Amino acid sequence: MAIQAVRGTRDILPDEVGAWQRIEAAARDLFARYGYREVRTPVFEETELFARGIGAETDIVSKEMYTFADRDGGSLTLRPEATAGIVRAVIEHNLLNTDPALKVFAMGPMFRRERPQKGRYRQFHQVDVEAFGFTSPTVDAETIELALAYLDACGVRQHELVLNSVGDRHCRPAYVERLRQALRDVAPSMCADCQRRADTNPLRVLDCKVEADQATIDTLPRITDHLCEGCATHFAEVRRQLDLLGVPYRLSHRLVRGLDYYVRTTFEVTSDLLGAQSSVLGGGRYDGLVKDLGGPDAAGIGFAVGMERLALLLPPREVEPRCDVFLMPLAAAALDRALRLQRELRGAGLAAMLDPEGRSFKSRMKQADKLGARFVAILGDDEMARGVYTVRDMARSEQQDVPEEKILDHLKEKANG
Ligand code: HAM
């Protein structure tokens, strides 16, 4: 029996790859305009990095990591997200010494052992953006505006920005304690996950999607009512600047996100076109993470876009032409000339192809159509005798004779014109 792809992984086939290249190109182009440079970090890291960085009690770390013993007994993990690895690299290479205001982005595969469904995979890809060393709310607003500008650059319009502040080490512990107290009375009537989280990670209760729990969750204390002055002022300024930039958002005190490193601003962009896995991107501030992982006391903020989900939202595109010139040597002696011309055309930067199997005329015309060939150059007995090619302009359905010695220049001019 033939072997199939591992559950939760998928192949990005040639017909889809154009869309992926477009979203990668849009990222490189746009992020550079905001001062970001690309960084590439390994896909596996020491397990401890994620346990310390993302939080041992999170679903990601406790249930979803691909962790394996290395042959020398160490524990390695396929990265479930990009932030922790980038922070590790920033610390390891002292990047903040030379550039105290550092902006980097990354793209690549991430791994989480979740239950696969539409838009949710075990190997998926993120475009990830991180800014280090900025504490100002201006950077929160700029980062959020960048996230939306990126979706816009990809042609994605139907979405909603959800915004929250999750407080910081001054106000969140007291709030979490309040939440824990409040949950003590109500958790026994909630779902099994909430009962467990009420104790281990009460904030995660706010993320519960179980219908029967929603009324109870509405009665719980809200973080936004318990922010310290610093966090409240910061959040007010982020909102003011978003208003200033004309970025619409919906406030949700329940947006707690699935990673423990967040402080203050958190955000997500959702689209109802995506179904159950509606979040196309998520991010927030993580001041404290760089220090927790052994680096300087530097602020951080960023977001990651799910590329599979983004690809699902892209507007449809016509099939892109893959061939400028399709050569058709029909006479037996024509093949050698066509091979030389093919090489010259390719050298001149054109996509040139021919059918090396020498199939029938009809079947070759079909191939040319399928490739979206713009021109077909025919060299049959009659053309050979007259020293010309018959060049057919496929879009216009016109054809003309072109002398052999002029064919290269003619095709170059036509294809580039
Ligand atoms: P996250 O919310 O866990 O955040 O993931 C960001 C995005 O990755 C999601 O909104 C979703 O589009 C995509 N994603 C996550 N899991 C899957 C999956 N199993 N299959 C397909 N797509 C998925 C982070 O990862 C943070 N590191 C973002 C960040 C960067 N925060 C600050 N800087």
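Structure's up top.
Computed from a predicted model, the values in this text were never measured in an experiment.

Enquirer: How do you make sense of the side chain of Arg204 when you look at a structure like this?
Expert: Structurally, the position occupied by Arg204 is in the loop between α8 (192-200) and α9 (214-218). Here Arg204 falls in the buried class, since its relative accessible area comes to 11%. Side chain to side chain, Arg204 and Asp207 meet in a polar contact 2.9 Å long.

Enquirer: Please clarify how a nonpolar patch on the surface should be interpreted in this entry.
Expert: A cluster of nonpolar side chains, namely Val43, Phe44 and Phe68, defines an oily patch on the protein surface of about 240 Å² accessible area. Here Phe68 is to be found in strand β3 (residues 67-69).

Enquirer: Is there a simple way to explain the side chain of Arg364 in this structure?
Expert: With respect to the secondary-structure elements, Arg364 resides in helix α14 (residues 361-370). Buried charge without a salt bridge: Arg364, with Asp355 as the nearest opposite-charge side chain at an N-O distance of 4.1 Å. Excluding residues that lie within four positions of it along the chain, Arg364 makes contacts with Phe326, Met328, Pro329, Leu330, Asp355, Gly358 and Arg359.

Enquirer: Please explain the sheet that holds strand β5 (residues 102-111) as it appears in this structure.
Expert: Picture the strands of a sheet paired through backbone hydrogen bonds; they go either parallel or antiparallel. Ordered in space as β1-β5-β6-β11-β10-β9-β7-β8, the eight strands form an open sheet in which the pairing is mixed. Across the chains shown, the open sheet's two edge strands, defined by having one partner strand only, are β1 (37-38) and β8 (250-251). Two strands pair when backbone bridges link them, and strand β9 (residues 263-270) and strand β10 (residues 279-285) are joined in this way by six bridges, in the antiparallel orientation. Paired with Phe267 across the strands is Gly283, a residue of β10. The strands that helix α4 (residues 83-92) touches are β5 and β6 (123-132); relative to β6, the one it contacts most, it runs at about 45 degrees. Helix α6 (residues 137-153) rests against β5, β6, β7 (160-165), β9, β10 and β11 (300-306) of the sheet, and its axis sits at about 15 degrees to β11.

Enquirer: Help me out: how do you make sense of α4 in this one?
Expert: Side chains three or four residues apart in an α-helix point the same way, a direct result of the helix having 3.6 residues per turn. Burial of α4 is extensive: nine of the 10 residues sit out of reach of the surface. Within α4 the residues assigned to the buried category are Thr83, Ala84, Gly85, Ile86, Val87, Arg88, Ala89, Val90 and Ile91. Of the residues flanking the end of α4, it is Asn94, one or two places downstream, whose phi is positive at about 50 degrees.

Enquirer: Would you mind showing me how to read the site of the ligand here?
Expert: Lining the immediate surroundings of the ligand are 27 residues, of which Glu81, Glu114, Arg257, Tyr262 and Ser279 lie closest. With respect to the ligand, the side chain of Glu114 contributes an N or O atom lying 2.7 Å from a nitrogen atom. Elements with a contribution of two residues or more to the shell around the ligand: β6, β10 and β11. With six residues, the top contributor of residues to the shell around the ligand is β10. Grouping the constituent residues of the shell around the ligand by class yields 10 nonpolar, nine polar and eight charged.

Enquirer: What should I look at first to understand the pattern of salt bridges in this one?
Expert: Should their charged atoms come close, side chains of opposite charge can pair. On inspection of all chains with the given rule, the structure shows 27 salt bridges. The partner of Asp59 in a salt bridge is Arg197, and the shortest N-O contact between them spans 3.4 Å. In this pair, Asp59 is assigned in helix α3 (residues 59-63) and Arg197 in helix α8, connecting sequence segments 138 residues apart. The burial state of Asp59 is the same as that of Arg197; both residues are buried. Across the pair Arg157 and Asp152 runs a salt bridge whose closest N-O atoms are separated by 2.7 Å. Among the charged side chains, a network of salt bridges with common partners joins Arg28, Glu38 and Arg40.

Enquirer: I would appreciate a short explanation of helix α1 (residues 14-33) in the present structure.
Expert: Compared with an ideal rise of 1.5 Å per residue, which puts 20 residues at 28 Å, α1 spans 30 Å between its outermost C-alpha atoms and is within 8% of the ideal. Those residues of α1 lying buried are Gly18, Ala19, Trp20, Ile23, Ala26, Ala27, Leu30 and Phe31. Tucked inside the fold, the buried residues of α1 contact β5, β6, α6 and α12 (307-313). Looking one or two residues past α1, Gly35 carries a phi angle of roughly 90 degrees, positive in sign.

Scoring rules and cut-offs
- Residues numbered from 1 in each chain as written.
- Predicted model: local features only at pLDDT ≥ 70, side-chain atom pairs only at ≥ 80, totals over all residues.
- Heavy atoms only, no water.
- Helix = DSSP H or I, 4+ residues; strand = E, 2+ residues; numbered from the N terminus.
- Buried < 20%, exposed > 50% of the residue type's maximum accessible area, 1.4 Å probe, protein only.
- Polar contact = N/O pair within 3.5 Å; in protein donor to acceptor, adjacent residues only side chain to side chain.
- Patch = residues over 30% accessible without salt bridge, like charges linked within 9 Å, V, L, I, M, F, W, Y side chains within 5 Å.
- Areas by Shrake-Rupley, 256 points an atom, 1.4 Å probe, with all protein chains shown as cover.
- Salt bridge = Lys/Arg side-chain N within 4 Å of Asp/Glu carboxyl O.
- Lys, Arg positive; Asp, Glu negative; His and termini not counted.
- Contact = heavy atoms within 4.5 Å.
- Pairing = 2+ DSSP bridges.
- Axes fitted to C-alpha atoms, helices over the stretch in contact; angles between N-to-C directions.
- Near = heavy atom within 4 Å.
- Nonpolar A, V, L, I, M, F, W, Y, C, P; charged D, E, K, R; others polar.
- Expected span 1.5 Å × (residues − 1).

Taken by themselves, the reported measurements are silent on function.
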